[in-house]
Amino acid sequence: CSSVAIDDVKGAEIAAQHLIDMGHRDIAIMVGQREHAFNFKVATHRREGFLNVLNDNGIEFDPRNELVADFDSHTAELAMDEFLGRKNLPTAIFCESDEMAYGVIKSIRKKGLRIPEDISIIGYDDHEYAGLLGLTTIAQPVQFLGQLAASQIMAKIEKPESNTAQMKVPVSLVIRESVKNLL
């Protein structure tokens, strides 16, 4: 069947490269639980893009800098609470969703740390609260994705014999206040 999606690998590459361009080298990632139902590979693709960019920039990833949570703020907060007990913290964290970033922000603030002065954060999705929190994030054009999907459905209804299409829609970086420039 036809599909409309964003390029999750490319979005994570953009996020990781932004952190590196801002001088960050010790970067953590909060990944979502691996999705097995419906062959949904968002977490896998976003992790792949993140690691691609670290590798391309000659940065060795420390597996201890990988936190796992669900794609929600509660489990992200719990994972970050535990992570913040470490002695040496990375300078930045890439969260695979804005909801995860919200939990990370809450955890960091509970610990008395500041964003971005003590740790920088970048999210993914550009949900409505991202702007209120000053979260730098990767935006996906949700309304446009819906319009494309609807047009594909209508085209298939009008011409059932028409070919299927897999469309990838680009994402963009939205720079706000949550990433410190270390250069």
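Thresholds, definitions, all that
- Residues numbered from 1 in each chain as written.
- Predicted model: local features only at pLDDT ≥ 70, side-chain atom pairs only at ≥ 80, totals over all residues.
- Heavy atoms only, no water.
- Buried < 20%, exposed > 50% of the residue type's maximum accessible area, 1.4 Å probe, protein only.
- Helix = DSSP H or I, 4+ residues; strand = E, 2+ residues; numbered from the N terminus.
- Pairing = 2+ DSSP bridges.
- Right-handed = clockwise from strand over helix to strand, strands pointing away.
- Contact = heavy atoms within 4.5 Å.
- Polar contact = N/O pair within 3.5 Å; in protein donor to acceptor, adjacent residues only side chain to side chain.
- Axes fitted to C-alpha atoms, helices over the stretch in contact; angles between N-to-C directions.
- Phe/Tyr/Trp six-rings, centres within 6.5 Å; stacked < 30°, edge-to-face > 60°.
- Lys NZ or Arg CZ within 6 Å of the ring centre and 35° of its normal.

Quick notes on the pairing of strand β5 (residues 120-125)
Then step 1. Counting buried residues along β5, six of its six residues qualify, which places the element largely inside the surrounding structure.
Then step 2. Bridge count for strand β4 (residues 92-95) against β5 is three bridges, and the pairing is parallel. Bridged to phenylalanine 94 within β5 is isoleucine 122.
Then step 3. Between β4 and its parallel partner β5, the chain crosses via helix α4 (residues 98-110), and the hand of that crossover is right-handed.
Then step 4. With four bridges connecting them, β5 and strand β6 (residues 136-139) associate as parallel partners. Paired with isoleucine 122 across the strands is threonine 136, a residue of β6.

Comments concerning helix α3 (residues 73-83)
Then step 1. The set of residues buried in α3 consists of Thr75, Ala76, Glu77, Ala79, Met80 and Phe83.
Then step 2. Considering only its buried residues, α3 is in contact with β2 (27-32), β3 (66-69), β4 and α4.
Then step 3. For α3, the N-terminal capping position is held by aspartate 72, with its side-chain oxygen 3.1 Å away from the main-chain nitrogen of histidine 74.

What about the sheet that holds strand β8 (residues 172-174)?
Then step 1. If you trace the six strands from one edge of the open sheet to the other, you get β3-β2-β4-β5-β6-β8, paired in mixed fashion. Both outer strands of the open sheet, β3 and β8, are each paired with one neighbouring strand and no more. Within this sheet the neighbouring strands show an average axis-to-axis angle of 20°, counted without direction.
Then step 2. Here helix α1 (residues 8-21) sits on the sheet in contact with β2, β4, β5, β6 and β8, set at roughly 160° to β5.
Then step 3. Contacts from α3 reach β2, β3 and β4 within the one sheet, and its direction differs from that of β3 by about 150°.

Considering the packing of aromatic side chains
Then step 1. One pass over the full model with this rule turns up three aromatic pairs.
Then step 2. A ring pair is formed by phenylalanine 50 and phenylalanine 61, whose centres lie 5.8 Å apart and whose planes are at 90°; its orientation type is edge-to-face. Separated by 11 residues along the polypeptide, phenylalanine 50 in helix α2 (residues 42-56) and phenylalanine 61 in the loop between α2 and β3 bring together distant segments of the chain.
Then step 3. In this structure phenylalanine 50 comes out as buried when scored by relative accessible area, which is 0%.
Then step 4. Residue class for phenylalanine 61 comes out buried when judged on its relative accessible area of 17%.
Then step 5. When the centroid spacing of 6.4 Å and the interplanar angle of 55° are considered together, the rings of phenylalanine 94 and tyrosine 124 count as tilted. In this pair, phenylalanine 94 is assigned in strand β4 and tyrosine 124 in strand β5, connecting sequence segments 30 residues apart. Comparing phenylalanine 94 with tyrosine 124, the two get one shared label, buried.
Then step 6. Three or more aromatic residues joined by ring pairs form one cluster here, namely Phe50, Phe61, Phe94 and Tyr124.
Then step 7. Here arginine 46 stacks its cationic end above the ring of tyrosine 124, 3.5 Å away from the centre of that ring.

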